Amino acid sequence: IQDLNRPQLIDFSKVGSSALGFITIAEKLPFEIKRVYWTYYAPHEVIRGHHAHKVLRQVIFSVSGIIKFEIENTSGEKLSFVLDSPEVGLYIPKLHWRRMQFSHNAVLLCLASEPYTEEDYIRDYDSFKRWI
Ligand code: TYD
């Protein structure tokens, strides 16, 4: 990871072969994992997300299917990412608004730096844009 304040793709690489199958290992992360969750059966027509986190940082995988992300920082810079490989993670720093769209078979796996608390969410876009 080069800049911990910027969303970026991380290549975790894989061991194995197409003959036998693959394993991807997440051992060196920029934070200690406090929570793991996965999201699935999200209809393609639905845009999920619509929030930012005050403190939480994440590395997100699409372990199956394709997930498209639009990530915006508090300065209004937008970045788009497509997760379509189980060996590539998307690092999302704190204070980044995210919108994501799943392919019908997609399974999102999130490694998170904090336990769940609704207090950490910014769910109002205007307050996010005003966040210092
Ligand atoms: P949310 O993070 O808003 O989902 P997404 O970003 O995929 O749209 O979470 C959806 C709901 O699930 C919300 O009511 C909070 C709840 N939730 C928990 O209770 N614990 C958790 O660890 C997570 C990730 C969500």
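Residues numbered from 1 in each chain as written. Predicted model: local features only at pLDDT ≥ 70, side-chain atom pairs only at ≥ 80, totals over all residues. Heavy atoms only, no water.

> Any chance you could explain the sheet that holds strand 5 (residues 48-53) here in plain terms?
Strand order in the open sheet made by the 5 strands is 8-7-10-5-12, with antiparallel pairing throughout. Among the strands making up the open sheet, the edge pair consists of strand 8 (78-83) and strand 12 (121-122). Strand direction decides the pairing type here: strand 7 (residues 67-73) and strand 8, joined by 6 bridges, are antiparallel. Within the sheet, the bridge partner assigned to Ile-67 lies in strand 8 and is Leu-83. (Pairing = 2+ DSSP bridges. Helix = DSSP H or I, 4+ residues; strand = E, 2+ residues; numbered from the N terminus.)

> Is there a simple way to think about the packing of aromatic side chains in this case?
To describe a pair of aromatic rings, one takes the distance between the centres and the angle between the planes. Considering all chains together, one arrives at 6 aromatic pairs under this definition. Ring plane angle 75° and centroid distance 5.1 Å describe the contact between Trp-97 and Tyr-125, whose orientation is recorded as edge-to-face. Of this pair, Trp-97 sits in strand 10 (residues 96-102) while Tyr-125 sits in helix 1 (residues 125-129), placing them 28 residues apart in sequence. When its relative accessible area of 6% is taken as the criterion, Trp-97 is described as buried. Ring centres 5.9 Å apart and planes at 65° place the aromatic pair Tyr-116 and Tyr-121 in the edge-to-face group. Here the aromatic residues Trp-97, Tyr-125 and Phe-128 are joined through ring pairs into a cluster of three or more. The ring of Phe-22 has Lys-14 sitting right over it, with the charged end atom 5.0 Å from the ring centre. (Phe/Tyr/Trp six-rings, centres within 6.5 Å; stacked < 30°, edge-to-face > 60°. Buried < 20%, exposed > 50% of the residue type's maximum accessible area, 1.4 Å probe, protein only. Lys NZ or Arg CZ within 6 Å of the ring centre and 35° of its normal.)

> What exactly am I supposed to notice about the sheet that holds strand 4 (residues 35-40) here?
Think of a sheet as strands paired side by side through backbone hydrogen bonds, with each pair either parallel or antiparallel. The strand order across the open sheet formed by 5 strands is 1-9-6-11-4, and the pairing between neighbours is antiparallel. The strands lining the two open edges of the sheet, one partner per strand, are strand 1 (8-11) and strand 4. Adjacent strand axes in the sheet meet at a mean angle of 25°, parallel and antiparallel pairs treated alike. Two strands pair when backbone bridges link them, and strand 6 (residues 58-64) and strand 9 (residues 88-92) are joined in this way by 4 bridges, in the antiparallel orientation. Opposite Phe-61, over in strand 9, you have Gly-89 as the bridge partner. (Axes fitted to C-alpha atoms, helices over the stretch in contact; angles between N-to-C directions.)

> Before we go on, may I ask you to explain the site of the ligand in this structure?
Every residue close to the ligand is listed here: Arg-35, Tyr-37, Arg-48, Gly-49, His-51, Met-100, Tyr-116, Tyr-121 and Arg-123. At 2.8 Å from an oxygen atom of the ligand is found a side-chain nitrogen or oxygen belonging to Arg-48. Interatomic distance of 2.9 Å between a backbone N/O atom of Gly-49 and an oxygen atom of the ligand. Counting residues per element, the ones that place at least two in the shell around the ligand are strand 4 and strand 5. When residues of the shell around the ligand are assigned to their parent elements, the largest contribution, 3 residues, is made by strand 5. Of the residues assigned to the shell around the ligand, the class counts are 4 nonpolar, 2 polar and 3 charged. (Near = heavy atom within 4 Å. Polar contact = N/O pair within 3.5 Å; in protein donor to acceptor, adjacent residues only side chain to side chain. Nonpolar A, V, L, I, M, F, W, Y, C, P; charged D, E, K, R; others polar.)

> Got a minute to help me understand the layout of surface pockets in this structure?
One way to see where empty space is left: roll a probe the size of a water molecule over the atoms. Estimates place the volume of the largest pocket at around 240 Å³. The wall of the largest pocket is formed by 13 residues, among which Tyr-37, Arg-48, His-51, Met-100 and Tyr-121 lie closest to the centre. With 4 residues, strand 5 is the single largest residue contributor to the lining of the largest pocket. Of the residues in the lining of the largest pocket, the class split is 5 nonpolar, 5 polar and 3 charged. (1 Å grid on protein atoms, 1.4 Å probe; cavity = no way out; pocket = protein on both sides within 12 Å on 5 of 7 lines; lining within 4 Å. Points joined across faces, edges and corners; volume = space filled by probe spheres on them.)

By themselves, these figures tell us nothing about what the structure is for.
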